Amino acid sequence: MRTVHALGIAASMAAGLRVNFGSMTKPLHAGLAAHNGVLAARLAEAGVTASAQALEGHEGFLALFCGDDARPQRALAALGQPFELVAPGIVYKQYPTCSLMHALVDMAIETRAHRLPELVGASRIRCGISTRLGAARRTVWPTSGMEAKFHVEYCVAVALLGGTQGLTDFVDAALERPDVRALAQRIEVAPGIDFPAGNGDFAELHIEVDGQTVFHDRRAKPRGHPSQPLSDAEHRDKFMACASLAMDGAAAAELLSALRGTPFPDARTLGRLLAATH
């Protein structure tokens, strides 16, 4: 029954608003979910109770968020067959942007690596995106670096011009780059044609120069998905880029070495390593 109570407690703490996409609260959603999940489990373990019908009961979670369209049988039909943690497995985000556009960014970066002179004079750059990305994206020019993370044209322009996409591309000052804005204004974004249902990652990139196609490709999943794993060096680079915002390079490297080591560091050691901030 403790698991039932934990789920009931967690149901009362579950929330998140898409309107907050493009603000600092968007990544807070994941943090709150993790925090509340642990808190719910600990409260249940300590004896706090909740309704056994918190999910599917009258005025429960499903009724609140789904209304009359709730179909709990769909959630149960394939539950654990397998769990997503097992298959496809953990997906690592390579870029600090909306993950639904990462396959598109992958293609833009690859294109830039081989065709920079042609891209400068590209007469047409067209992006086909999924329905899910279409619902999440920002369609007006971003006013902050956080909003830019959900602006397809900005993200693709950055990738095409720089051949990469990092944290420094999403500070407010980065939006002032005239070359990025000029290229972004030439990028077309539209719903993809004949995209597979249920795959929000699916993307298409088409580039023309003087009416001739110089690049055209479709991708089902981005790099970092288990079907396209990142290398050890790429994992290290991502960790160092993030950790170096809070600590110097040597301290970040020591922390990474400990996290990758065997045995895993105890809480005292981990606390000491994490305390080595700027």
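Residues numbered from 1 in each chain as written. Predicted model: local features only at pLDDT ≥ 70, side-chain atom pairs only at ≥ 80, totals over all residues. Heavy atoms only, no water.

## Focus: the packing of aromatic side chains
Next, step 1: Taken as a whole, this structure holds 5 aromatic pairs when the rule is applied.
Next, step 2: The interplanar angle of 35° and the centroid separation of 5.3 Å between the aromatic rings of Phe-21 and Phe-150 together place this pair among those described as tilted. Taken as a pair, Phe-21 in the loop between helix 1 (2–12) and helix 2 (25–45) and Phe-150 in the loop between helix 7 (145–148) and helix 8 (152–162) lie far apart in primary sequence, 129 residues in all.
Next, step 3: Both rings, one in Trp-141 and one in Tyr-154, keep their centres 5.8 Å apart while their planes meet at 75°; by these two values the pair is edge-to-face. Taken together, the positions of Trp-141 in the loop between helix 6 (131–136) and helix 7 and Tyr-154 in helix 8 put the pair 13 residues apart, joining distant regions of the chain. (Phe/Tyr/Trp six-rings, centres within 6.5 Å; stacked < 30°, edge-to-face > 60°. Helix = DSSP H or I, 4+ residues; strand = E, 2+ residues; numbered from the N terminus.)

## Section: the side chain of Thr-97
Next, step 1: Tracing the backbone through its elements, the reader meets Thr-97 in the loop between helix 4 (72–77) and helix 5 (102–120).
Next, step 2: Setting aside residues no more than four positions away along its own chain, Thr-97 makes contact with His-102, Lys-149, Cys-155, Gln-165 and Phe-170. (Contact = heavy atoms within 4.5 Å.)

## Regarding unusual backbone geometry
Next, step 1: Along the chain, Gln-81 connects to Pro-82 via a cis peptide bond; the corresponding omega equals -5°.
Next, step 2: In this fold, Pro-82 is placed in the loop between helix 4 and helix 5.
Next, step 3: Cis geometry marks the peptide bond from Thr-262 to Pro-263; its omega dihedral reads 0°.
Next, step 4: Looking at where Pro-263 falls in the secondary structure, it is placed in the loop between helix 11 (249–260) and helix 12 (267–274).
Next, step 5: If you check the backbone angles, Glu-59 has positive phi at about 60° while not being a glycine.
Next, step 6: Here Glu-59 lies in the loop between helix 2 and helix 3 (61–66).
Next, step 7: The exposure class of Glu-59 is exposed, given its relative accessible area of 68%.
Next, step 8: The backbone of Asp-194 sits at a positive phi, close to 60°, despite the residue not being glycine.
Next, step 9: Positionally, Asp-194 belongs in the loop between strand 2 (187–191) and strand 3 (203–209). (Buried < 20%, exposed > 50% of the residue type's maximum accessible area, 1.4 Å probe, protein only.)

## Concerning the pattern of salt bridges
Next, step 1: For the structure on display, the rule yields 10 salt bridges.
Next, step 2: Taken together, the shared-partner salt bridges connect Glu-110, Asp-217 and Arg-219 into one network. (Salt bridge = Lys/Arg side-chain N within 4 Å of Asp/Glu carboxyl O.)

## Focus: the confidence of the model for the protein
Next, step 1: The pLDDT averaged across the protein works out to 93; a share of 97% of its residues lies at or above 70.
Next, step 2: Helix 5 is the least confidently modelled element of the protein, averaging 83 in pLDDT, while strand 2 averages 97, the highest of any element. (pLDDT = per-residue confidence, 0-100.)

## Brief notes about the environment of Arg-71
Next, step 1: Inspection of the secondary structure puts Arg-71 in the loop between helix 3 and helix 4.
Next, step 2: Considered as a pair, Arg-71 and Ala-250 are 179 residues apart in the sequence and their alpha carbons are 52 Å apart.

## Quick look at the nonpolar core
Next, step 1: Leu-104, Ile-125, Tyr-154, Val-156, Leu-205 and Ile-207 are the most contacted members of the largest nonpolar core, which totals 41 residues.
Next, step 2: Elements supplying a minimum of two residues to this core: helix 5, strand 1 (124–129), helix 6, helix 8, helix 9 (178–184), strand 3 and strand 4 (212–219).
Next, step 3: Of all the elements, helix 8 adds the most residues to this core, at 8 residues.
Next, step 4: Excluding anything up to four places from it in sequence, Leu-205 contacts Leu-104, Met-107, Ala-108, Thr-111, Ile-125, Arg-126, Cys-127, Phe-215, His-216 and Asp-217.
Next, step 5: One finds Ala-243, Ala-251, Ala-252 and Leu-255 within the second-largest nonpolar core, a separate group that totals 8 residues. (Core = buried A, V, L, I, M, F, W, Y, C linked by side-chain atoms within 4.5 Å.)

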